[in-house]
Amino acid sequence: MNALILATDILEKLILGVLFGLSVWSVSIMVDRYRLFKHELNREIFINFQSQLIQIKDKSQLIKLAAAEVFIHRVFKKALEQSSDSDTFERALSGVLKNERVQFEKGLAVLATLGANAPFIGLFGTVLGIIRAFAYLGTQSGSSAVMSGVSQALYATALGLLVAIPAVVANNYFSFRWRQSLQMCEAIRDEVMARQIVSVK
């Protein structure tokens, strides 16, 4: 019985350590994505870029406009350099966006996985803690030891939720920002194609 108590205690502490490590990993991803999204996907940059399109008459002017090293400028500059007319421009832009997507979605799969599975890891720790608490009962260690075991077991569930909830919220937020940026990029693309700027030599 003592061996069971020792084994469950070690496993539960290991799970708590894993959850703590996952929480640090999750926070580091959130901070990294927040900095990237704040710099690259700033809504004001999209609005300014779209407002300046009014003065653009041809492809060369549009390439000069897309001079900054941020998402919307970089995407349009690369697409324009790879295209010669509206059809090739649309395909080039689609290809550039697919490449950019890899950069911006980096780490989001981890957040989604943590959000879905961290509570179960915590629950496993709680189950082990409850097993240990019942083992205390078997050794007649007293009610205080049992209650302490149950209390410690619940920490795993709490920590699992503490990891999962922010991860889910962050993943949803960053996914929304990325979709919103794609929509704005497509709106600017449609305006460029409607005005036939790419076709003008």
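Above this note sits the structure.
Sequence positions are assigned chain by chain, starting from 1 and proceeding in written order. Local features in a predicted model are, by the rule used here, given only for residues with pLDDT of at least 70; side-chain atom pairs are given and counted only at 80 or more, and totals for whole chains, interfaces and linings are based on all residues. Heavy atoms throughout the structure, all of them, feed into the side-chain values; hydrogens and water do not.

1. Thoughts on the overall build of the protein chain
- Think of it this way: any DSSP run of H or I at least four residues long counts as a helix, any run of E at least two long counts as a strand, and we number them from the N terminus. Tallying secondary structure elements over the protein chain gives seven helices and zero strands in all.
- Reading the protein chain from its N end, one meets helices and strands in the order α-α-α-α-α-α-α.
- For the protein chain, the C-alpha radius of gyration of 26 Å lies well beyond 17 Å, the compact-globule estimate for 201 residues.
- In this scheme, a residue with accessible area under 20% of its type's maximum is buried, one over 50% is exposed, and one in between is partly exposed, where area comes from a 1.4 Å probe on protein chains only. A buried classification covers 40% of the 201 residues belonging to the protein chain.
- Throughout, a residue-residue contact means that at least one pair of heavy atoms, one from each residue, lies within 4.5 Å. Partitioning the contacts of the protein chain with sequence separation of at least 6, the portion at a separation of at least 24 is 79%. Using C-alpha atoms as the atom set, the radius of gyration is obtained and then compared with a globule rule of 2.2 Å times the number of residues to the power 0.38.

2. Things to note about the packing of aromatic side chains
- Aromatic contacts are taken between Phe, Tyr and Trp rings whose centres are within 6.5 Å, Trp giving its six-membered ring; a plane angle under 30 degrees counts as stacked, one over 60 as edge-to-face, and the others as tilted. If you walk through the whole model with that rule in mind, you get nine aromatic pairs.
- Relative to Trp178, the ring of Phe71 has its centre 5.5 Å away and its plane inclined at 65°; by these criteria the two rings are edge-to-face. Residue Phe71 is located in helix 4 (residues 71–81), and its partner Trp178 is located in helix 7 (residues 143–194); the two are separated by 107 residues in the primary sequence.

3. Some points on the environment of Asp85
- Structurally, Asp85 can be placed in the loop between helix 4 and helix 5 (86–104).
- Overall, Asp85 belongs to the partly exposed group, its relative accessible area being 32%.
- Asp85 sits 113 residues away from Val198 along the chain, and the two C-alpha atoms are 5.6 Å apart.
- Within the local environment of Asp85, its side chain forms a polar contact with the backbone nitrogen of Thr88, the two atoms lying 2.9 Å apart. Side-chain atoms alone can form a polar contact between residues adjacent in sequence; in general such a contact is a pair of N or O atoms within 3.5 Å, and within protein one must be able to donate a hydrogen while the other accepts it.

4. Quick look at the environment of Val24
- Considering the arrangement of structural elements, one finds Val24 in helix 1 (residues 2–40).
- Separated by 87 residues in sequence, Val24 and Leu111 place their C-alpha atoms 12 Å apart.

5. What to know about the packing of helix 2 (residues 43–52) against helix 4
- Axis definition: a line fit to C-alpha positions, over the contact stretch in the case of helices; interaxial angles, taken between N-to-C directions, run 0 to 180 degrees. Two elements in contact, helix 2 and helix 4, have axes whose closest approach is 9 Å; the angle formed by their N-to-C orientations is 45°. Here helix 2 is positioned oblique relative to helix 4, judged by the angle of their axes. Between helix 2 and helix 4, the residues in contact are Ile45, Phe46 and Phe49 and Phe71, Ile72, His73 and Phe76, respectively.
- Only Asp, Glu, Lys and Arg are considered charged, only Ala, Val, Leu, Ile, Met, Phe, Trp, Tyr, Cys and Pro nonpolar, and every remaining residue, Gly among them, polar. Counted by class, the contact of helix 2 with helix 4 contains six nonpolar, one polar and no charged residues. Roughly parallel covers angles under 35 degrees, roughly antiparallel covers those over 145, roughly perpendicular covers 65 to 115, and oblique covers all other angles.

6. Some words on a nonpolar patch on the surface
- Residues qualify for a patch when their relative accessible area is over 30% and they have no salt bridge, like charges being joined within 9 Å and the nonpolar side chains of Val, Leu, Ile, Met, Phe, Trp and Tyr within 5 Å. Areas reported as accessible are Shrake-Rupley estimates using a 1.4 Å probe. Residue values count occlusion only from the protein chains shown. Think of a salt bridge as a Lys or Arg side-chain nitrogen and an Asp or Glu carboxyl oxygen that are within 4 Å of each other. A cluster of nonpolar side chains, Leu4, Phe120, Leu123, Val127 and Ile131, forms an exposed patch at the surface whose accessible area comes to about 440 Å².
- Per-element accounting of the nonpolar patch gives the leading share, four residues, to helix 6 (residues 108–138).
- Inspection of the secondary structure puts Phe120 in helix 6.
- You can call Phe120 exposed: its relative accessible area is 56%.

7. Some points on the packing of helix 4 against helix 5
- It is the contact of helix 4 with helix 5, at a shortest axis distance of 8 Å, that shows an interaxial angle of 140°. Between helix 4 and helix 5, the crossing angle belongs to the class labelled oblique. Considering only the axes of helix 4 and helix 5, their crossing is right-handed. Where helix 4 approaches helix 5, its residues Phe71, Arg74, Val75, Phe76, Lys78, Ala79 and Leu80 are matched on the opposing element by Phe89, Ala92, Leu93, Val96, Leu97, Glu100, Gln103 and Phe104.
- The residue inventory of the contact of helix 4 with helix 5, partitioned by class, reads 11 nonpolar, one polar and three charged. For any pair of crossing helices, the crossing counts as left-handed if the nearer helix is rotated counterclockwise from the farther one by less than a right angle, and right-handed if it is rotated clockwise.

8. Some remarks on the nonpolar core
- For this analysis, a nonpolar core means a set of buried residues of the types Ala, Val, Leu, Ile, Met, Phe, Trp, Tyr and Cys, connected via side-chain atoms within 4.5 Å. Membership of the largest hydrophobic core comes to 47 residues, with the highest contact counts inside it found for Leu62, Phe71, Phe76 and Val192.
- Put simply, the parts of the chain that give this core at least two residues each are helix 1, helix 2, helix 3 (59–65), helix 4, helix 5, helix 6 and helix 7.
- When near neighbours in sequence (up to four residues on either side) are disregarded, Phe71 contacts Glu40, Leu41, Phe46, Leu97, Glu100, Phe104, Trp178 and Ser181.

9. Observations regarding the side chain of Asp58
- Along the chain, Asp58 turns up in the loop between helix 2 and helix 3.
- Of the side chains with opposite charge, Lys64 lies nearest to the buried Asp58, which makes no salt bridge, at 7.6 Å.
- At 2.8 Å, the side chain of Asp58 forms a polar contact with the side chain of Ser60.
- Among the polar contacts made by the side chain of Asp58, one reaches the main-chain amide nitrogen of Gln61 at a distance of 2.9 Å. We treat Lys and Arg as the positive residues and Asp and Glu as the negative residues; His and chain ends play no part in the count.

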